Amino acid sequence: MPIYEYECKACGHRLEKLQKVSAAELTDCPSCERAELSRLISAAGFRLAGGGWYETDFKSGQKRNLAGDGGATSAPADTGGKTPA
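What you are looking at is a predicted structure, and each value in this text was computed from that prediction instead of being measured.

Participant: Requested: an account of unusual backbone geometry, with residues and values cited.
Facilitator: Despite not being glycine, Glu33 has its phi angle at roughly 65°, a positive value. Note on placement: Glu33 falls in the loop between β2 (14–18) and β3 (37–39). Residue Glu33 is classed as exposed on the basis of its relative accessible area of 67%.

Participant: Lay out the sheet that holds β2 with the relevant residues and their values.
Facilitator: Adjacent strands of a sheet pair through backbone hydrogen bonds, lying either parallel or antiparallel. Ordered by their spatial adjacency, 3 strands build an open sheet running β2-β1-β3, and the pairing between neighbours is antiparallel. Pairing within the sheet leaves two strands with one partner each, and these edge strands are β2 and β3. With strand direction ignored, the average angle separating the axes of adjacent strands in the sheet is 35°. Pairing of strand β1 (residues 3–8) with β3 involves 3 bridges; the strand directions are antiparallel.

Participant: Kindly report on the state of the cysteines, identifying the contributing residues and their values.
Facilitator: Applying the stated criterion across every chain yields a total of 0 disulfides. Here Cys11 is not disulfide-linked; the sulfur of Cys8 is the nearest cysteine sulfur, at 3.7 Å.

Participant: An account of the pairing of β1 is requested, with residue identities and associated values reported.
Facilitator: Successive residues of a regular strand alternate their side chains across the two faces of the sheet. Of the two faces of β1, only one is covered, namely that formed by Tyr4, Tyr6 and Cys8; the face formed by Ile3, Glu5 and Glu7 stays uncovered. Relative to β2, β1 is paired through 5 bridges, and the arrangement is antiparallel. Its bridge partner being in β2, Ile3 is matched across the sheet by Leu18. In sequence, β1 turns back onto β2 through a hairpin of 5 residues, with Gly12 there showing a positive phi of about 85°.

Participant: So what's going on with the packing of aromatic side chains? Which residues, and what values?
Facilitator: For the structure shown, the criterion picks out 0 aromatic pairs. Directly above the ring of Tyr4 sits Arg39, whose terminal nitrogen or CZ lies 3.8 Å from the centroid.

Reading guide: rules and limits
- Residues numbered from 1 in each chain as written.
- Predicted model: local features only at pLDDT ≥ 70, side-chain atom pairs only at ≥ 80, totals over all residues.
- Heavy atoms only, no water.
- Helix = DSSP H or I, 4+ residues; strand = E, 2+ residues; numbered from the N terminus.
- Buried < 20%, exposed > 50% of the residue type's maximum accessible area, 1.4 Å probe, protein only.
- Pairing = 2+ DSSP bridges.
- Axes fitted to C-alpha atoms, helices over the stretch in contact; angles between N-to-C directions.
- Disulfide = S-S within 2.5 Å.
- Phe/Tyr/Trp six-rings, centres within 6.5 Å; stacked < 30°, edge-to-face > 60°.
- Lys NZ or Arg CZ within 6 Å of the ring centre and 35° of its normal.

Next up, the structure:
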């Protein structure tokens with residue numbers, strides 16, 4: 001579920017709300033209780049970490065961008081779900 005950002009046009013109060021995509025927009029401000037809330041347009045920021053399909057299927061050659069690898073160019077070895085000794 002995405003996090004939507006709202007701002008009240010009456011009092012300037014800002015809030016974030018975790019909502020389903022299909023949920024109706026909020027209209028009533030929790031601060032001043034007026035029906036002046038409007039949804040803001042903001043960029044979502046996130047990073048997919050690990051060696052999933054987004055790292056292996058859409059990159060060419062040895063280009064990888066795995067979290068915490070310090071810029072290494074290859075994915076970590078698969079240990080079959082076991083912790084290395």
